[in-house]
Amino acid sequence: PVWAIGTGLSATPKEAQSAHESIRQWLNKRFGEQAGESIPIQYGGSVTPDNIESLVKMPDIDGALVGGASLSADKFQSIFSAAANEAGSYSPNSFQADPSSKLWDAVEKVRSLSSQAKKVEAALSAATASLQKAQAAPKVAHIQATEVVNCANDLGESPVWSEKEQKLYWVDILGKKLWSWDPLTPSSTAAHIPLPSMIGCCALVEGGDALILALQDGMYRLDTNGDNKGKLHLVAPWTESTVFGLDTRPNDGRCDRDGGLIVGSYNFQHKVDAEEKGSLYRLQPNGNLEVITEEKHRVSNAISFSPDGKSMYFCDTPTRRIFKYDYNPSPPAGTSYLSNKRLYFEPPSSMGGLPDGANTDAQGGLWVAMSGSGKVIRINEDQEIDVVVSMSASIPTSVTIGGPDLDTLFITTRSPAGGLFTAKLPNGIKGIAETSYYDERASNLKSQGAFLEADGMEKFLAAAEM
């Protein structure tokens, strides 16, 4: 727009045309003739019913800007009527313009340019948003895991690294076995013992001379040293099945930072009845198995704790949702161990697999085995995936971090692979030494106990002492 503001003078149509022509020439020179000719230039300077018609006749005046002095109904109608007469015919009830007329050609140009501008603006906005998202998204590191022990587990689970012994323990749930291996020795030295029933998980015991085994009918202590070496002692019965008759067993479990063992249930019939009947428990230092939440689930998994121990992660695997809770290992009377439940991570629909076992690193990242996807992912504290570990086995089941420098990711799998895999962590990421279960009754245990098979135990304990 060209506007003669503040002069107190009105340009004649020729003077206005001269100014518009100069502007047009500059536009053509600056942007090219096609662009310059397509830009409407409007004049606004004391436009009145008397001069509007002669103004819009000028070749480079593409319309008029009407100021406040001319906005009375009569004056505005007269100005519009005069401009319309230049373009076509006008009556109060109908107006037909010659499409080829200069005025309405200019109007169409304005409309076209406006439409194009909106499209360009939308495209720029989308491009900017995409760029910002790309810049904000974490760089994803891709790692390849390698099989290190061909143990052919039916359902490998619950890997636990013993900092004291510098060895890994894990279980084969369906194979009813407890495994161990020192990564500094050949894979052929990996040893296992048969167990009397299916086992959901295992945990270290403070002092390093025993393990807690979550067997099908209860929580047991297995001594690996001392007077009770090689014996199983029942710590707490699995009352869901032994007392209440539920068709469940212990499943995923991990010690909190204060020495309590958190363990969840597995509903044997969950694929049939989809019933949430299992509970979450804490095996207390005194041996009591205490329910820590009224929530029920089908398949407990991803039980793990933040580095400071104040948060707990949990997933009922069929839901594909990992939740984060505030966690208090010693809640005041009338309060809960778990509070402030919130959704922490839900895999996108484009990602295959189901969240299975998990563990955290010292930097607060959550490593999750995505069962059925052939991958393990790391979720950072911004709840974004920043590491993807690929492997030849399609069903990773659980993870932990160990090794002499706590920089090795151990991954259990189920059949048809069933092997133990490892991967080196990216630079700057380290694990946390596994917390052990604090058993305050250890000194009072009697020497009597159920023996495991002697041959298997002998080989297992011999391997433990290597």
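Right above here is the structure, for reference.
As the structure is a computational prediction, the values presented were derived from the model and not from experiment. (Residues numbered from 1 in each chain as written. Predicted model: local features only at pLDDT ≥ 70, side-chain atom pairs only at ≥ 80, totals over all residues. Heavy atoms only, no water.)

**Q** Can you break down the overall build of the chain residue by residue, with the values?
**A** Looking only at helices and strands, the chain has 8 helices and 30 strands in total. Taking all 466 residues of the chain together, the buried fraction comes to 48%. Within the chain, counting contacts between residues at least 6 apart in sequence, those at least 24 apart form 50% of the total. When the accessible surface of the chain is summed, it comes to about 22300 Å², and 51% of that surface belongs to carbon and sulfur atoms. (Helix = DSSP H or I, 4+ residues; strand = E, 2+ residues; numbered from the N terminus. Buried < 20%, exposed > 50% of the residue type's maximum accessible area, 1.4 Å probe, protein only. Contact = heavy atoms within 4.5 Å. Areas by Shrake-Rupley, 256 points an atom, 1.4 Å probe, with all protein chains shown as cover.)

**Q** Any chance you could break down the sheet that holds strand β15 (residues 248-255) for me, citing the residues and the numbers?
**A** Backbone-to-backbone hydrogen bonds join strands into a sheet, with any given pair of strands oriented parallel or antiparallel. Strand order in the open sheet formed by 4 strands is β15-β16-β17-β18, and the pairing between neighbours is antiparallel. Each edge of the open sheet carries a strand with a single partner, namely β15 and β18 (289-291). With strand direction ignored, the average angle separating the axes of adjacent strands in the sheet is 35°. Direction of pairing for strand β17 (residues 280-283) relative to β18: antiparallel, over a ladder of 3 bridges. Residue Tyr 281 lies in a different strand from β18, and its bridge partner there is Val 291. (Pairing = 2+ DSSP bridges. Axes fitted to C-alpha atoms, helices over the stretch in contact; angles between N-to-C directions.)

**Q** Help me get a handle on the side chain of Asp 182, residues and values and all.
**A** Summarising the element assignment, Asp 182 is placed in the loop between β9 (177-181) and β10 (191-194). Although Asp 182 is buried, it forms no salt bridge, and the closest oppositely charged side chain is Lys 167 at an N-O distance of 7.6 Å. Within the local environment of Asp 182, its side chain forms a polar contact with the backbone nitrogen of Leu 184, the two atoms lying 2.9 Å apart. Asp 182 has contacts with Gln 166 and Lys 167, leaving out every residue within four places of it along the chain. (Lys, Arg positive; Asp, Glu negative; His and termini not counted. Salt bridge = Lys/Arg side-chain N within 4 Å of Asp/Glu carboxyl O. Polar contact = N/O pair within 3.5 Å; in protein donor to acceptor, adjacent residues only side chain to side chain.)

**Q** Tell me about helix α1 (residues 13-31), and name the residues and values.
**A** Here α1 spans 26 Å end to end across 19 residues, near enough to the 27 Å set by a 1.5 Å rise per residue. Looking at α1, one finds that the buried residues are Ala 16, Gln 17, His 20, Arg 24, Leu 27 and Asn 28. Projected down its long axis, α1 shows its buried positions confined to an angular sector of 105°, all on one face. For α1, the exposed residues set more than 90 degrees away from the buried face come down to Lys 14, Gln 25, Lys 29 and Arg 30. Where α1 terminates, the next one or two residues include Gly 32, which has phi positive at roughly 100°. (Expected span 1.5 Å × (residues − 1). Arc of directions from axis to C-beta.)

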